[in-house]
Amino acid sequence: MFYRGVLTIGVAAFVAIPALPSWGATVRVAAEIAPLQAAIDRAVPGDIIALKKGEHQGPITIDKTLTLEGEPGAVIIGNDKGSVITVEAPQTVIRGLQIKGSGKNLFDMDSGVFLAQTARGARVEDNAILGNLVGVYIHGAEDSLVKGNRIVGLREGRTSEAGDGVSVWNASGAQVVDNEISYGRDGIFTKTSKQNVFKGNTLKSVRFGIHYMYTNNSEISQNVSLGNTVGYAIMFSDRLQVTGNVSDGDRDHGLLLNYANGSTISGNIVRGRELPIQRWTAAARIGGVHGLPSEPQATRSAPGGMRLGPEKCVFIYNANRNQLSGNWFEGCAIGIHFTAGSESNAMTDNAFIGNRHQVKYVGTRHLDWSVKGRGNYWSDNPAFDLDGDGISDSPYRPNDIIDRVLWTAPQAKVLVNSPAVQVIRWAQAQFPALLPGGVVDSRPLMTPPRPMRMEQ
């Protein structure tokens, strides 16, 4: 059952969308057994389809510019095949609904909401998108917006068989803002796109919080990754702004830069801690693996013991001409692992706090991690500042020749406390010329710079 009424206040909501007709109306649809598609088909461009509380039968396809919104308790349920809502018309709005019941076929891109390439400027906002293969798929819909949604993916099964919270493909100008995303494969996955903004999202219990592939000139800011395998995986992407993000208790890497070039990485926070060993031993499955235990005592009593994670606050692999400044890397097994070339990266004003190993670098080149007279803060640096300028009076070298041996031949750890090793380390301290090539911070800071995010 539904009825049409002359739209009065509804038109005002679309002032910013001039393409909408001024004679649109509100169509109120009660929950009933009949498919919702019939009401969609009867509507005219510019109408608001207002769903009453209750279950409405999907799937549906919107091929004209409409607003589909629900009062509290309005649910659209698919038939476990394909996508629940497919949007083909530009500037369509999906708002205030609970959406569930998609198919489970990754090849067919089954989703809670599927934005086709023709759905430019579509908005998906303030919905609960629950238990679908992919929450929202932005498939070429340029300038679209996914904002303020709660997206919960598949909660069981193998990670490789799940979909993403929000998936973006070739959608220039698309924005994903202020969503809460959990479970499934990746929180936000973008591929072959540009000029995107991912901001203010909370990402929990997934594989990668944000996963970038071949996406350039974009922004990743103010997001929070909690208890995932990797917080932010930036791969094969250039000219990004990665600022003000948090990785808290992620397992392998807080921040991964792989063939990522010409980007600014600033003001980010990566925090590690002791994590249950189960996070590593059952990594192929979704349930009970990515999420942190809800109670502190559950962490302490986890079967199999504990292990420090992330393994690496930052992993930089063949990433070039990036600027890393003002970041906070704390409590990881390795603060930063730097390898495979990675030329012309500027490192300054970062804080490395309480990592088991501050730097892992295996190479013979000399790398000075200071810029314009300012280096980084190292919590294990026993430094002096006799002139009071805030800069240590002596350089900091995180690795020596023994570290290089241990990185390349881990079995040599049995000798680490031997008198011979101690003599070598003493000799290097007395005669710096014996030190091999590697990372040196020639102007280390005496106090740690604190990112703005820590002050909020």
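Since the model is a prediction, treat every value here as computed from it, not as a measurement. (Residues numbered from 1 in each chain as written. Predicted model: local features only at pLDDT ≥ 70, side-chain atom pairs only at ≥ 80, totals over all residues. Heavy atoms only, no water.)

Caption draft 1: Spotlight on the nonpolar core. With 70 residues, the main nonpolar core has Leu68, Ile85, Ile138 and Val166 as its most contacted residues. Element by element, the count of residues in this core is highest for strand β34 (residues 312–317), at 3 residues. If sequence neighbours within four positions are ignored, Leu68 has contacts with Ile40, Ile49, Leu51, Ile60, Ile62, Ile76, Ile85, Val93, Ile94, Arg95 and Leu97. Ranked by size, the runner-up nonpolar core spans 10 residues in total, among them Val224, Ile269, Trp328 and Ile391. (Core = buried A, V, L, I, M, F, W, Y, C linked by side-chain atoms within 4.5 Å. Buried < 20%, exposed > 50% of the residue type's maximum accessible area, 1.4 Å probe, protein only. Helix = DSSP H or I, 4+ residues; strand = E, 2+ residues; numbered from the N terminus. Contact = heavy atoms within 4.5 Å.)

Caption draft 2: Seen up close, the environment of Asp248. With respect to the element layout, Asp248 can be found in strand β28 (residues 246–248). Taking the C-alpha atoms as reference, Asp248 lies 8.1 Å from Gly231; in sequence the two are 17 residues apart. A polar atom in the side chain of Asp248 sits 2.6 Å from the side chain of Arg273. (Polar contact = N/O pair within 3.5 Å; in protein donor to acceptor, adjacent residues only side chain to side chain.)

Caption draft 3: Up close: the pairing of strand β11 (residues 111–115). Burial analysis of β11 places 5 of its 5 residues in the buried class, which makes it a mostly covered element. Taken together, the 4 bridges between β11 and strand β14 (residues 134–139) define a ladder with parallel strand orientation. When the bridges of β14 are listed, Val113 appears paired with Val136. (Pairing = 2+ DSSP bridges.)

Caption draft 4: Highlighting the state of the cysteines. Under the definition given, this model contains 1 disulfide. Here Cys313 is linked by a disulfide to Cys332, with a sulfur-sulfur distance of 2.0 Å. Because the sign of the S-S torsion sets the handedness, a value of about 90° for the bond joining Cys313 and Cys332 places this disulfide among the right-handed ones. Placement of the pair is Cys313 in strand β34 and Cys332 in the loop between β36 (328–330) and β37 (334–339), with a sequence separation of 19 residues. Each member of the pair, Cys313 as well as Cys332, is classed as buried. (Disulfide = S-S within 2.5 Å.)

Caption draft 5: View of the packing of aromatic side chains. Scanning all chains against the criterion turns up 11 aromatic pairs. Relative to Tyr317, the ring of Tyr259 has its centre 6.3 Å away and its plane inclined at 55°; by these criteria the two rings are tilted. Separated by 58 residues along the polypeptide, Tyr259 in the loop between β29 (253–258) and β30 (264–266) and Tyr317 in strand β34 bring together distant segments of the chain. What makes Tyr317 partly exposed here is its relative accessible area of 34%. Judged by centre distance (4.7 Å) and plane angle (20°), the rings of Trp378 and Tyr396 are stacked. Of the two residues, Trp378 is situated in strand β42 (residues 377–378) and Tyr396 in the loop between β42 and α4 (401–408); the sequence distance between them amounts to 18 residues. Ring pairs connect the aromatic residues Tyr214, Phe236, Tyr259, Phe315 and Tyr317, which therefore count as one cluster. Stacked on the ring of Tyr183, the Lys or Arg Arg155 has its end atom at 4.1 Å from the ring centre. Above the face of the Trp328 ring, Arg450 is positioned so that its terminal group lies 5.5 Å from the ring centre. (Phe/Tyr/Trp six-rings, centres within 6.5 Å; stacked < 30°, edge-to-face > 60°. Lys NZ or Arg CZ within 6 Å of the ring centre and 35° of its normal.)

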